[in-house]
Each structure stands twice: as structure tokens, then as C-alpha cells.
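Residue-level listing of the chains:
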Amino acid sequence: MELKLIAVGDNLIHKEIFKSVRDSEGHYDFNLLYDPVREAIQAADIRIVNQETVFTDKASEYSSFPIFATPVFVADSLVKAGFNVVTHASNHAFDKKRRGLEVTWDYWKTHYPEVGVVGISGSREESNKVYIIERNGFKVAILNYTEKLNGHFVPPKDRFRIARLRKSEKRRIQERIAEARALADIVVVCPHWGCEYLYEPIRSQREWAAFFAQCGVDLVIGTHPHVVQPMETVTRADGKPMLVYYSLGNLISCQVKAGTALGGFAHVVFEKDEQGVRLKEYGLEPLITHADEGFRNFRTYFLRDYTEALAGENQIFKTVSRLRGIEMSKASQERLFEDIISYKAQAYNEYKTPRDVTMANIKSVFNFLIGKNIKK
């Protein structure tokens, strides 16, 4: 028996995206965003997406960087695209406090109870459950945690709502993984971790990856950096490989930095026989976000299907070139992807250290506060 799993990175809906899909009557249709990759998504048994932001059911609350609130209609389009597992523990999970989490959880559970929603919970009872999805005779446990909450303070009574990746939670995480290991054939951990915009994993990511390997995890799917980072296998204590995707970048966004239009489409195959479950094959394909002139008609394409003609029309590419003086083309993104995978991209990255990123983010927030339209 075989199980096919795919995963993509951050579904990050900036205001330019939700404004671009609004019609003259005020209706929002996000379906076209994912059309070019829909068939590949639906070909897998388990299809994971990271929903970076919480939802709101009030148009007056729709917002973008630095405090996000995303139209609930995005959930409809993710389901139509084929995703059946959504990770929600992110640094933006508490942007709209308890209400954002409640609206998000209730919308999923009311409209799409068949979709696995992990990383956030609607009750203490739910927060203590291990999510397991069954396909093709496989039981797959999926856990999701976030390192950061962008400085938001979560009241004690609400802490069960978001799964945290913190050293103080290590014992609890270890216990949860052990529970998942006992219940499932495959254990997947999806950490929202690391440092934004760096093309290589930082020390904390490697330390957590080693911890997950000690716990017997089979697959790690990382998000948060908004750029692709390498993948590799780590040997577990039992000698089996644990596959790690350190970051899948963005599925779609309107970020205007050198590598943020580039995402990763992870595909993994497990096989099962009388000897047990094994990792059979895996890979990572590059994705690209496209936007027409004026930031209209956003789409996510496989880079292999993209053309230089489209690249020449891509408003995100044009903006990056203008603001940062960087060549942006299909060929440049192909080179960037290959250099990331081979650990060569950090040498020419705009940001060299987490401190560089912190200072850039502070500057972005300051520019936002004084009214400059500079996207994160």
C-alpha cells in the first residue's frame, strides 16, 4: 500500500489579494488563486496547507500587515482547491485575540467538519486530542505548533487555543508525540518556526528537528520564514530517516522581497507492508506567485509551467526589481531555488542574520505606522 502526501507553505492573504478578488457587488471569490496547481493538489491522499492568518466574518474587520484578519471565504476556496488538512498555529494566530480564533474555528467546524484543523482549538477538550487522518489503510497523526505570536500576550484562560513550540512545553510536546506514535502509522509535525527571509535554517530549527527525531517523528514540514529553505533527512534513534522540510515558503502572498514569491510544493510517498511503514520517495517543486499590473489577478503556478512572458508582466517581480535592484525573471527564480536547495543562497541573501531581519521588520512596522505602503 502507498500513501501520497503533499504540503505547501503560507497562504498569506494581503489586502492586495482580497481586494483583487472582490467583484462590483462586494462578493469575494478566491478560487482562481489556486487554479494552476489544483490538479496536483487533488492527486494526493493527504493535502496540507498552512493558513497563516485567522478569519473574520465582518468585512469591516478585513486587514493586512501587520495585524491580519482574512475573509472567511478563503476557507471555501482552500477546500475547493483540495486541501483536507489546515495548519493554523502561526505567529499571526492571535492577531485578532480570542474572537479571531473563535470565528476561525467555528467556520471550519460548521462548514467543513471533514477538514482537519490543527494547531488551534475551540475547547480544552479539543486541545488535548491528537488529530489523526486515515487514508489508504494508513493512520497519520498531524501536529502543529508555533514558536512566536508576534509579542501578543495570551491570557491564561486562552492558552489552550494555540499550540506553542517553546522549551517550557518540551515535555508536553514529547508526550503528545508519544501519544501520536502509539495511535498512528505515521507522525507528522508541522512547526511554524525559524527566522523570516533567511534561506537556511537557524540553530533553533536544527535543535527542534533533532528533538523531533529523538521522539520518533517521521516527517517535519516547516513554515514561517516566507522563503524556501532546504530539505534533508535526519537519522532517528531507531536508525530510520526523518524527513525535514525546513520551510516551504509562501503558497501565495503579496510580499515584495527577493525570495518571497517563490514557494515549495512538497510531495512525499510512504509505503506499507508486513514489515511496517517506510519513506519511499520525496521531492520539492518550486511554485511562483503571479500578479498582473496593478496587483490584479493573483495566481500560484508551478515554476515549470511559468513563462518568461508572464514573468515580464508580474507586478511583484517589477516591484522587487524597482525597490531592491534585483533581477526577477523565471530564470532567476529557477537559479534561486537550486541555490537554496544546495545551501548556496544565503551568501547573497539581503539578510544575513536574524538581527538583520528584526531590524527590517521594525522598519516595516514604522513605515506602516507613518503611512508608507511598504509590504512585509
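Quick note: structure is the one above.
Residues numbered from 1 in each chain as written. Predicted model: local features only at pLDDT ≥ 70, side-chain atom pairs only at ≥ 80, totals over all residues. Heavy atoms only, no water.

**So, helix H9 (residues 315–324)**
Rule in force here: Think of it in three bands: residues with accessible area under 20% of the maximum for their type are buried, residues over 50% are exposed, and the middle band is partly exposed, with areas taken using a 1.4 Å probe on protein chains only. Put simply, DSSP marks the helices as runs of H or I at least four residues long and the strands as runs of E at least two long, and each gets a number from the N terminus on. Contacts were defined at the residue level, with two residues in contact if any of their heavy atoms lie within 4.5 Å. Any N or O atom pair separated by 3.5 Å or less is treated as a polar contact, with the protein-specific requirement of one donor-capable and one acceptor-capable atom, and with residues adjacent in sequence counted only for side-chain atom pairs.
Along H9, the residues that are buried comprise Gln315, Ile316, Phe317, Thr319 and Val320. Where the residues of H9 are buried, they touch strand E15 (276–292), strand E16 (296–302), helix H8 (308–313) and helix H10 (330–341). Put simply, Asn314 is the residue that caps the front of H9, since its side-chain oxygen is 2.9 Å from the backbone nitrogen of Ile316. Among the residues trailing H9, Gly325 stands out with phi positive, at a value near 65°.

**Some points on the pairing of strand E7 (residues 132–135)**
We count it as follows: Strands qualify as paired when DSSP identifies two bridges or more between them.
By the bridge criterion, 4 bridges tie E7 to strand E8 (residues 138–146) in an arrangement that is antiparallel. Each bridged residue has a counterpart across the sheet, and for Ile133 the counterpart in E8 is Val140.

**Re the sheet that holds strand E11 (residues 231–235)**
Formally: Only the contacting stretch of a helix is used when fitting its axis, a line to C-alpha atoms as for every element, and angles between N-to-C directions run 0 to 180 degrees.
As summarised here, the arrangement of the 6 strands in space is E7-E8-E9-E10-E12-E11, forming an open sheet in which the pairing is mixed. Two strands close off the open sheet at either side, each with one partner strand: E7 and E11. Sheet twist, expressed as the average angle between the axes of neighbouring strands with direction ignored, equals 20°. Looking at chain direction, strand E9 (residues 186–192) and strand E10 (residues 219–221) are connected through 2 bridges and run parallel. Bridge pairing in E10 places Val189 opposite Val220. Contacts from helix H6 (residues 170–183) reach E7, E8 and E9, with the element oriented near 165° to E8. Lying over the sheet, helix H7 (residues 203–214) contacts E9, E10, E11 and strand E12 (241–245), oriented at roughly 150° with respect to E12.

**Focus: the packing of H6 against H7**
Our working definition: Our angle categories are set so that under 35 degrees counts as roughly parallel, over 145 as roughly antiparallel, 65 to 115 as roughly perpendicular, and the remainder as oblique. By definition, turning the near helix anticlockwise from the far helix through less than a right angle yields a left-handed crossing, and turning it clockwise yields a right-handed one. The residue classification treats Ala, Val, Leu, Ile, Met, Phe, Trp, Tyr, Cys and Pro as nonpolar and Asp, Glu, Lys and Arg as charged. All others, Gly included, are polar.
Contact pair H6 / H7: the axes reach a minimum separation of 10 Å and the direction vectors enclose 40°. As judged from the angle between their axes, H6 and H7 are oblique. Helix-helix and strand crossings are classified by hand; for H6 and H7 the assignment is right-handed. Along its contact with H6, which presents Lys170, Ile173, Gln174 and Ile177, the element H7 presents Trp208, Phe211 and Phe212. Tallied by class, residues from the contact of H6 with H7 come to 5 nonpolar, 1 polar and 1 charged.

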